[in-house]
Each structure stands twice: as C-alpha cells, then as structure tokens.
Amino acid sequence: MFASLAGVLFDGFAYGMLLFLLSVGLSVTLGMMNFVNLAHCSFAMVGGYVAVTLANSFGWPFLATLPIAFLAAALVSIVLERALYRRLYRATELDQCLLTIGIVFISVAVAAYFYGTVQQPINTPSYLRGSVQLMGMSFAAYRLFLIVTALVITALLVYSLEYTRFGAQVRAAVDNQRMARGLGIDVDRAFAVTFALGGGLAGLGGALAIEIVGLDHAFAFTFLVYVLIVVAVGGLGSIGGSFVAAAVLGISDMAGKYYFPWLGAFLIYLVMVGLLMWRPAGLFGKR
C-alpha cells in the first residue's frame with residue numbers, strides 16, 4: 001500500500017514538473033507582460049523537434065541537445081516578438097488570441113509537412129533509462145532527472161526575476177512603460193529578453209517531454225489546455241504558484257488514473273474547477 005502510494009506521488013510529481021517546465025514561460029510572459037500567447041506550446045514543439053533532429057539525424061547526445069533546444073525556441077520567440085507580438089502589446093486580448101492561435105495552426109501544419117504525423121522517438125542515455133533504488137523502492141531515473149531540472153530552474157527563475165536588476169527592470173516596464181523609459185530602461189529590450197526566456201523554457205520543456213509523453217505534430221494543441229490550466233490555477237505572474245499548481249495537478253492526474261480509472265484524465269479538470277472556485281485569482285495570484 002505504501003509502495004503504491006509513494007509510486008503514485010513520485011510519478012505524479014514528476015509529471016507535474018513536466019507541466020511546470022512547459023508552462024512557466026507562459027506564466028512569465030502572460031503574468032508579467034499581460035500578453036496572451038496561445039502559441040507558447042509551439043515554442044515547446046520547436047525545442048522538441050530540434051532535440052529530435054540533433055539526436056536522431058546527427059547523433060548528438062541527448063543532454064547536449066537540451067541547451068540547443070532552449071536557444072532555438074528562444075530565437076524563434078525573439079523573431080516573433082520583434083515581427084508580430086510587439087505590435088499587439090496594447091491590443092485587446094481577443095486580438096492577441098486570434099494572432100497566436102493562428103501561429104499554432106501554422107506550426108502544426110509545418111511540423112506535419114516536415115516530420116509527418118507520427119510520434120518522434122529519441123534515444124536517451126542508458127543512465128537515464130534505468131531506475132534508482134531509494135528506501136527499498138524503485139524510481140525511474142529519467143523522472144528523477146526531470147524533478148531535479150525543474151527545481152533548479154525554479155530557483156534560478158525566482159532569483160533572476162525577483163532579486164536582480166533585470167527582474168526589477170521588467171516589472172517596472174510592465175507597470176509603467178513611460179516612466180520606465182524616462183528612467184533610462186530599454187523597455188523593448190526587456191520585453192524581448194523576457195519573451196526569449198519564456199520561449200526558451202518552453203523549448204527546453206518540449207525536449208524533456210519527449211521521453212514522457214512523446215512528440216507529434218499536434219503537440220502544440222494537445223498541451224495548450226494543460227499549460228493554461230497550470231497558469232490559471234497557479235496565478236498570473238507567480239512562478240511559485242505555477243510550481244505548486246503543476247505539482248498538485250500532476251499528482252491529481254496520476255492518482256485519478258491509478259485509483260479512479262473510470263474518471264481517467266477528467267480528474268485534473270475537477271481539481272482545477274475546485275481550486276478556482278476557492279481561489280478565483282489562482283493559488284498565488286493577485287489579480
């Protein structure tokens with residue numbers, strides 16, 4: 001009984017950390033910049049396909065593909081931010097949604113054209129395919145790696161956005177652009193770097209997701225709902241809120257599939273509704 005409960009908690013937390021890695025970039029851009037970027041998971045798909053291409057076609061080690069996946073998604077996000085997104089910073093949420101959901105359709109079509117509609121495999125190193133024995137129980141090594149990666153990224157994000165000059169500049173630019181420009185802050189640069197950070201984190205999450213949930217042309221649509229749920233439940237602009245929400249939702253989803261198979265994946269939506277009825281602004285949201 002204890003072993004099964006520990007297994008469900010561990011697998012659920014690992015899945016939650018995957019959701020966190022996929023959604024934390026959207027939490028940053030949506031919460032701090034007030035931009036509704038429904039194409040966020042398209043950046044995750046970019047990172048995933050970059051990792052697959054480097055690993056399968058060029059023989060790169062899996063771990064070596066992760067920083068390239070981050071950089072590729074960050075580069076794509078900068079291009080879109082410079083060319084399209086910055087024109088809609090002051091537009092309505094509907095305009096932002098229409099533009100970004102159009103980008104999702106385009107990314108899905110491009111992925112299907114170049115890679116087909118089948119699941120993309122990737123070879124992970126042997127030390128990530130086995131299991132680790134802890135306290136007499138077996139835990140998947142890759143899921144442990146995923147958890148550690150998410151914890152490290154959380155610490156780095158909280159520090160960089162809350163305790164550094166860059167984080168202060170971004171918050172000032174969001175609150176009052178005119179005042180920020182008067183103080184000498186390069187608002188355009190701050191927004192571009194923030195978008196690059198959010199897109200890069202999505203790309204990293206997409207590369208890490210391949211081993212757990214797979215990768216196909218519809219990835220941007222499949223996980224868009226989950227990402228939005230995490231951001232909504234956690235609260236806009238709250239990295240800690242996204243972390244807690246992703247953990248709760250991941251464990252709830254895994255527990256539902258294990259203990260209540262007749263509910264299947266529907267339990268995560270029940271948890272979302274319950275949490276939002278209790279905290280309409282999210283667990284750590286202020287607006």
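Structure shown above.
Residues numbered from 1 in each chain as written. Predicted model: local features only at pLDDT ≥ 70, side-chain atom pairs only at ≥ 80, totals over all residues. Heavy atoms only, no water.

Visitor: I would appreciate a short explanation of the side chain of S77 in the present structure.
Guide: When you line up the elements, S77 lands in helix α3 (residues 62–83). A polar contact is formed between the side chain of S77 and the backbone oxygen of F195, at a distance of 3.3 Å. With sequence-adjacent residues up to four places away left out, S77 is seen in contact with F43, F195, A196 and G199. (Helix = DSSP H or I, 4+ residues; strand = E, 2+ residues; numbered from the N terminus. Polar contact = N/O pair within 3.5 Å; in protein donor to acceptor, adjacent residues only side chain to side chain. Contact = heavy atoms within 4.5 Å.)

Visitor: Help me understand helix α13 (residues 267–278), please; the structure alone is not making it clear to me.
Guide: In a regular helix each residue adds 1.5 Å, so 12 residues correspond to 16 Å; α13 covers 17 Å between its end C-alpha atoms and thus fits that length. Within α13, burial applies to L267, I268, V271, M272 and L275. The buried side chains of α13 occupy one side of the element, clustering within an arc of 140° when seen end-on. Considering only its buried residues, α13 is in contact with α11 (224–234) and α12 (239–259). (Expected span 1.5 Å × (residues − 1). Buried < 20%, exposed > 50% of the residue type's maximum accessible area, 1.4 Å probe, protein only. Arc of directions from axis to C-beta.)

Visitor: Can you walk me through the state of the cysteines in this structure?
Guide: Here, disulfide denotes a covalent bond that connects the sulfur atoms of two cysteines. Tallied over the full model, the rule gives 0 disulfides. With no disulfide of its own, C41 lies 14 Å from the sulfur of C97, the closest cysteine sulfur. On the basis of relative accessible area, C41 is assigned to the buried category, the value being 1%. (Disulfide = S-S within 2.5 Å.)

Visitor: Can you walk me through the environment of I185 in this structure?
Guide: Looking at the element boundaries, I185 is found in the loop between α8 (177–182) and α9 (187–213). Residues I185 and Q169, 16 residues apart in the sequence, show an inter-C-alpha distance of 6.7 Å. With near-sequence residues (within four places) excluded, I185 lies in contact with Q169, A172 and A180.

Visitor: Would you mind going over the pairing of strand β1 (residues 131–134) with me for this structure?
Guide: Moving residue by residue along a regular strand, the side chains alternate between the two faces of the sheet. Judged from the 4 bridges that link them, β1 and strand β2 (residues 137–140) form a sheet pairing that is antiparallel. Residue pairing for β2: S131 is matched across the bridge by A140. If you look at the hairpin formed by β1 and β2, you'll find 2 residues sitting between the two strands, and M135 has a positive phi there, around 55°. (Pairing = 2+ DSSP bridges.)

Visitor: How should the nonpolar core be read in this particular structure?
Guide: In summary, soluble globular proteins display a tendency toward joint burial of nonpolar side chains. Ranked by internal contacts, the top residues of the largest apolar core, which has 86 residues, are F20, Y85, L208, F219, F223 and V233. Looking at which element gives the most residues to this core, the answer is helix α1 (residues 2–33), with 15 residues. (Core = buried A, V, L, I, M, F, W, Y, C linked by side-chain atoms within 4.5 Å.)

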